[in-house]
Amino acid sequence: MQQDISGPLPEGLASALRATAGDIATLLQGVPDTSIPVPQSQWTVGEAAAHLALANELMADLAAGHERPYGDGTPQSLAAANAQSLAAFAERGARPLAAMIAEQTDVFLDAVEQAASDATAAAPTLVTPLGSMDRTVLASYLLTHMLGHGYDLARAVDRPHMLDRDRVALCMPFMLSVMPRVADTAATAGLTVRYAIRLRGGAAFGVTLTDGTVQVTEGLPDRADCTILIEPVAFLLIALGRRNPWRAITRGQVVTWGRKPWLAPRFPTLFAAP
């Protein structure tokens, strides 16, 4: 993979992290009242921003090789860890949180840079809230997390969100890595099907389910039962539980074909967004 000119990450990833943190910070600096509720969430803008600031700090610590237990990867445990961390962190001011989000993104990137240049650094596999991953996938995780909550904040204050095709492409290393881990065992039990997923103008990958076992592969699989062509931003929003799949279908953002095209609407239900 090509390297970003500013460090050891894949091309564009470091820049996307800084740009996304900057977009969120700019959005927050224009918010006079952070008690505004976030749509379809139990959090206010201040709580969502505080969570982002704390999460960026957590990711920076992980990138530096520090151990930071944070739930066991299930939605319930992550929700409990989020509640505990917010209860212990009182800041809800827009400007301080905006500054912390941007600052911890820089700390994260500095840690990645330092690890890449340090021959004595710890092994590249890191333990994260969603399993073991290297620093490249962790950076993709951080970007995905910021984009999801950045979208929520933008909706809350009626501002344009910061998701685009290029940033979604940089989220894909994390998305492909984590999909087997977040599969809903009840929804996948007994199901045998081969999906081909194509992001319009972007990545393509396969998801094969064999009686509940989930395998994700880069590139299109042979003889897919169901092929899904989807707009990249719609894909990420659906995957993060931010958009109803049927809304995307009715807007023409999803096209399906194959031997079993009726299995397309079922695909998002096979995974539980953390």
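Up top is the structure these notes are about.
Reading the values: rules and limits
Residues numbered from 1 in each chain as written. Predicted model: local features only at pLDDT ≥ 70, side-chain atom pairs only at ≥ 80, totals over all residues. Heavy atoms only, no water. Helix = DSSP H or I, 4+ residues; strand = E, 2+ residues; numbered from the N terminus. Buried < 20%, exposed > 50% of the residue type's maximum accessible area, 1.4 Å probe, protein only. Expected span 1.5 Å × (residues − 1). Salt bridge = Lys/Arg side-chain N within 4 Å of Asp/Glu carboxyl O.

**Focus on the environment of F205**
So, step 1. With respect to the helices and strands, F205 occurs in strand β4 (residues 204–210).
So, step 2. Judged by its relative accessible area of 1%, F205 falls in the buried class.

**Overview of helix α2 (residues 45–63)**
So, step 1. Between the first and last C-alpha of α2 there are 27 Å, a value that for 19 residues agrees with the 27 Å anticipated at 1.5 Å per step.
So, step 2. Buried residues dominate α2, accounting for 16 of its 19 residues.
So, step 3. The positive-phi residue at the C-terminal boundary of α2 is G65, with phi of around 95 degrees.

**With respect to the pattern of salt bridges**
One side chain can pair with another of opposite charge once the charged atoms of both are near each other.
So, step 1. Following the criterion strictly, the structure yields eight salt bridges and no others.
So, step 2. Here R68 makes a salt bridge to D61, at a shortest N to O gap of 2.6 Å.
So, step 3. Ionic contacts of the salt-bridge type, sharing partners, join the residues D23, D164 and R167 into one network.

**Notes on unusual backbone geometry**
So, step 1. Despite not being glycine, D211 has its phi angle at roughly 50 degrees, a positive value.
So, step 2. Relative to the helices and strands, D211 resides in the loop between β4 and β5 (213–218).
So, step 3. Taking relative accessible area as the criterion, D211 reaches 54% and is therefore assigned exposed.
So, step 4. The phi dihedral of R223 is positive, around 50 degrees, even though this residue is not glycine.
So, step 5. Given the relative accessible area of 65%, R223 is considered exposed.

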